[in-house]
Amino acid sequence: MKKQPGWALPNLKDAQVRTTKEAVIEKSLFQIPEQIRLLGQGKKYYLRTYGCQANERDSETLAGILEEMNFTAVEHPEDADLILMNTCAIRKNAEDKVLGEIGSLKRLKRKKPDLLFGLCGCMAQEEDVVAKLLETYRHVNLIFGTHNIHRLPELLYDVMVNGNRSVEVLSKEGDVIENLPVRRFGKHKAWVNIMYGCDKFCTYCIVPYTRGKERSRMMEDILEEVRILKAEGFKEITLLGQNVNSYGKDLHMEGGFAGLLEETAKIGIERIRFTTSHPWDFTDEMIDVIARYDNIMPFIHLPVQSGDSDILKIMGRRYTREQYLTLFHKIKERIPYCAISTDIIVGFPNETEEQFQNTLSLVDECRFDNAFTFIYSPREGTPAASMADNVELAVKQRRLQELNERWNLYAREKNEEYLGSVVKVLVDGESKKNPEVFSGYTETNKLVNFRRTTAQSGDIVSVKITACKTFSLDGEQI
């Protein structure tokens, strides 16, 4: 479809540019003009979120903006006047799922011709996706990306009042916008952004293109957000970044992420988590701080991606197998009860059977508590996408199955170590399968289902573990 006046379309080449220019920290940029503030009065919105915790947190901002415009949230798309999809681009099957759902929901237009569709998030930052949306999914009225969430009021006004199809995707390094509203989806756990973007440019990953360069929030702004959450009764926060270990580098800040972790711990909120950490710049100071403070949870997500040094080099991961294992064992030595999860990709271009076996042997050595495993998925615009995807699908599938069987075995063994022990559980609420059973997570991020006595959602209670499964524990409140 021909580009229309006023449209801003994505450009991956522009999105990979990195300069030494410091990101602008905007403290008062967001505002809703008076003529737009009542735009959603009497109208309902349905917001669907795909992907990572960063998208979940972005959706809390989107919901906050929409509700300041007087939209009301609904749980089913059939009830909505506006359907907004906040999307993920990390894997091709995630994109296919979104496009399939957009196509399926088109049927709602027949019953409600004025129904509006919007797509935002990482998929919107990809040239081929936007081209497909404009050409094939003509019922999508609004497309915007990760850098201009603050522009949602004006973009909706252009669609709802001017009757335009609005496309505004900015391919740039990005800024930090501090005064955005938020509607927290939980009452006891909260996401706290500490930085945005990524400069690692792993050869398979689209995130540096969709999220911009690494840019940190000021420490005091983060700490103030945590203080407010504590005052509001939140029990757990998760500090978010594409790579939290890089926090503060762009601000030339002494102490970096270790310093932020320590200052956050001093506020006294009951539980602190963080995600995600890149093994390349995981420092000794970080390990020491985690070990020093009881309210920093002994759980670390430490993606390895492959157990073979040659594959890691082609992936652009910046560490070897040996360096990863040194870090892993250092963490285990200094934080003995720390649980560690990971990410692993199988079937990367040119991965041999021997290299895959190296991944299995690393899993044998680390015995991870949990793992997120994937078949390699080429992302257009990344360096790996130009490599020959020369591992047959059947081989990839067999390797994935073998890998899953291996790490599942160790996950079960790890859970069995909890039998008979008493753990502290932050209660999420009723189990999805049985209202008589409550569920929550331990300090080491183990899911526990237990029969309660007095527990309520948001409580931290003692539970004795009586049985274990591969992915969860069973227990009784004591």
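Remember, it's a predicted structure, so these values are computed and weren't measured experimentally.

**Remarks on the pattern of salt bridges**
- For the structure shown, the criterion picks out 44 salt bridges.
- Residue R379 is joined to E126 by a salt bridge in which the shortest nitrogen-to-oxygen separation is 3.6 Å. Remark: E126 occurs in the loop between strand 5 (116-121) and helix 6 (127-136) and R379 occurs in the loop between strand 16 (370-375) and helix 15 (393-416); sequence separation between them is 253 residues. There is no split in this pair, since R379 and E126 are both buried.
- Two residues, D288 and R334, come together in a salt bridge whose shortest N-O distance is 3.0 Å. Of this pair, D288 sits in helix 11 (residues 284-292) while R334 sits in helix 13 (residues 321-334), and the two are 46 residues apart along the sequence.
- Taking relative accessible area as the criterion, R334 reaches 33% and is therefore assigned partly exposed.

**Thoughts on the sheet that holds strand 12 (residues 236-240)**
- Spatially, three strands are ordered 9-12-13 in an open sheet, and the strand pairing comes out parallel. Here the strands that pair on one side only, and so sit at the sheet edges, are strand 9 (189-193) and strand 13 (271-275). In this sheet, adjacent strand axes meet at a mean angle of 25° when their direction is disregarded.

**Details of the environment of K97**
- Position of K97 relative to the elements: it lies in helix 4 (residues 92-105).
- A sequence separation of 10 residues divides K97 from T87, and the C-alpha atoms of the two residues are 10.0 Å apart.

**Quick word on unusual backbone geometry**
- Cis geometry marks the peptide bond from T275 to T276; its omega dihedral reads 0°.
- Structurally, the position occupied by T276 is in the loop between strand 13 and helix 11.
- A positive phi angle, close to 50°, is found at F201, a residue other than glycine.
- For H252, which is not glycine, the phi dihedral falls at a positive 55°.
- Within the element layout of this structure, H252 appears in the loop between strand 12 and helix 10 (256-267).
- Given the relative accessible area of 65%, H252 is considered exposed.

**Notes on the state of the cysteines**
- Summed over the entire model, instances satisfying the criterion amount to zero disulfides.
- No disulfide involves C52; its sulfur sits 6.2 Å from that of C88, the nearest cysteine.
- For the unlinked cysteine C120, the closest cysteine sulfur is that of C122, found at 9.6 Å.
- We classify C120 as buried; its relative accessible area is 2%.

**As for the domain arrangement of the protein chain**
- Along its sequence, the protein chain is organised into domain 1 (10-166), domain 2 (174-415) and domain 3 (419-475).
- Of note, the centres of domain 1 and domain 2, computed from C-alpha atoms alone, are 27 Å apart.
- Each partner contributes residues to the interface: domain 1 has 44 residues there, and domain 2 has 42 residues.
- Counting each side, the surface lost to burial between domain 1 and domain 2 is near 3800 Å², with a carbon and sulfur contribution of 57%.
- It is R18, R57 and E60 in domain 1 that bury the most area against domain 2; as a group they hold 19% of the surface buried on that side.
- At the junction of domain 1 and domain 2, the tally comes to seven salt bridges.

**Quick notes on the environment of N193**
- Here N193 is to be found in strand 9.
- You can call N193 buried: its relative accessible area is 9%.
- Separated by 177 residues in sequence, N193 and N370 place their C-alpha atoms 24 Å apart.
- Not counting residues within four places of it along the chain, the set of residues in contact with N193 comprises R57, R217, I222 and L240.

Conventions we followed
Residue numbers run consecutively from 1 along every chain, following the written order of its sequence. Given that this is a predicted model, residues contribute local features only at a pLDDT of at least 70 and side-chain atom pairs are listed and counted only at 80 or more, while totals for whole chains, interfaces and linings are drawn from all residues. The basis for every side-chain value is the complete set of heavy atoms in the structure, and neither hydrogens nor water enter the calculation. The salt bridge definition used is simple: a Lys or Arg side-chain nitrogen within 4 Å of an Asp or Glu carboxyl oxygen. Starting at the N terminus, helices and strands are each numbered in turn, a helix being any DSSP run of H or I of at least four residues and a strand any DSSP run of E of at least two. Relative accessibility under 20% of the residue-type maximum defines a buried residue, over 50% an exposed one, and the middle range a partly exposed one, all with a 1.4 Å probe and only protein chains included. Here, any two strands with at least 2 DSSP bridges between them count as paired. Lines are fitted to the C-alpha atoms to define the axes, a helix being fitted only along its stretch in contact, and any angle between axes, read from their N-to-C directions, falls within 0 to 180 degrees. Note on disulfides: each one is a pair of cysteine sulfur atoms within 2.5 Å. Domain delimitation in this document rests on an assignment produced automatically or drawn from a domain database. Residue contacts are counted whenever heavy atoms from the two residues lie within 4.5 Å of one another. Accessible area that two parts lose when put together, with a 1.4 Å probe and added across both, is what the buried area reports.

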